[in-house]
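# Structural features, examined
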Amino acid sequence: PQGLSNTAWAYAKVTWMDEQLFDAIASEARTKLPHFRSQNLSNLAWAYAALSILTETLMDAMSGEAILKIGDFDPQAVTNTAWAYAKVSYIPPRMLNPL
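Just so it is clear, the structure is predicted and the values come from calculations on it, not from any experiment.

### Details of the overall build of the protein chain
Scanning the protein chain for helices and strands turns up six helices and zero strands. What you see for the protein chain is a C-alpha radius of gyration of 12 Å, in line with the 13 Å of a compact globule of 99 residues. Summarising its shape, the C-alpha atoms of the protein chain cover approximately 35 × 25 × 25 Å along the three principal directions. Taken over 99 residues, the protein chain has a buried fraction of 41%. By sequence separation, contacts in the protein chain at least 24 residues apart represent 73% of the contacts at least 6 residues apart.

The following block contains the structure:
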């Protein structure tokens, strides 16, 4: 999980968009989300949003995982995750109450 989020974060940090790579990361991440830590979720959400990539299936799946792990999120992770969803104008209703 950390490798996926770190790879996405690194590409986003240098604003390098590779559609095939990000599609593959999204596909792989969805199967591994239960193993993601709060920072991995936050970094992955941030990376997609920083590049203005809206992958609804991934965002929905990450929101469910974030809700389950919200107690593990530090203030920075909460802020980055909320920003990411707002940036792509995609706020799943189930995320509004826990945040």
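### Considerations on the packing of helix 1 (residues 2-13) against helix 2 (residues 19-32)
At a minimum axis separation of 10 Å, helix 1 and helix 2 run at an interaxial angle of 150°. Overall, the two elements helix 1 and helix 2 adopt an arrangement that is roughly antiparallel. Judged by the twist between their axes, the crossing of helix 1 over helix 2 is left-handed. Taken together, the residues of helix 2 that come into contact with helix 1 (itself represented by Leu-4, Thr-7, Ala-8 and Tyr-11) are Leu-21, Phe-22, Ile-25, Glu-28, Ala-29 and Lys-32. Looking at the contact of helix 1 with helix 2 residue by residue, the classes come out as seven nonpolar, one polar and two charged.

### Digging into helix 4 (residues 56-68)
The terminal C-alpha atoms of helix 4 lie 19 Å apart, and with 13 residues this matches the ideal 18 Å at 1.5 Å per residue to within 8%. Leu-58, Met-59, Met-62, Ser-63, Gly-64, Glu-65 and Ala-66 are the residues of helix 4 that are buried.

### Describing empty space enclosed by the protein
Evaluated as defined, the whole model comprises one cavity of 30 Å³ or more. By volume, the largest cavity is sized at about 30 Å³. What lines the largest cavity is simply Leu-41, Ala-45, Met-62, Ser-63, Ala-66, Phe-73, Thr-81 and Tyr-85. Where the lining of the largest cavity is concerned, the elements lending two or more residues are helix 3 (38-50), helix 4 and helix 5 (75-87). In terms of residues, the lining of the largest cavity owes the most to one element, helix 4, which gives three residues.

### Examining unusual backbone geometry
The residue Thr-15 is not glycine, and still its phi comes out positive at about 50°. Among the secondary structure elements, Thr-15 is positioned in the loop between helix 1 and helix 2. Assessed through its relative accessible area of 61%, Thr-15 is described here as exposed. In this structure, Ser-52 is a non-glycine residue whose phi angle is positive, near 55°.

Definitions and cut-offs
- Residues numbered from 1 in each chain as written.
- Predicted model: local features only at pLDDT ≥ 70, side-chain atom pairs only at ≥ 80, totals over all residues.
- Heavy atoms only, no water.
- Helix = DSSP H or I, 4+ residues; strand = E, 2+ residues; numbered from the N terminus.
- Rg over C-alpha atoms; globule rule 2.2 N^0.38 Å.
- Buried < 20%, exposed > 50% of the residue type's maximum accessible area, 1.4 Å probe, protein only.
- Contact = heavy atoms within 4.5 Å.
- Axes fitted to C-alpha atoms, helices over the stretch in contact; angles between N-to-C directions.
- Parallel < 35°, antiparallel > 145°, perpendicular 65-115°, else oblique.
- Left-handed = near helix turned anticlockwise from the far one by under 90°.
- Nonpolar A, V, L, I, M, F, W, Y, C, P; charged D, E, K, R; others polar.
- Expected span 1.5 Å × (residues − 1).
- 1 Å grid on protein atoms, 1.4 Å probe; cavity = no way out; pocket = protein on both sides within 12 Å on 5 of 7 lines; lining within 4 Å.
- Points joined across faces, edges and corners; volume = space filled by probe spheres on them.

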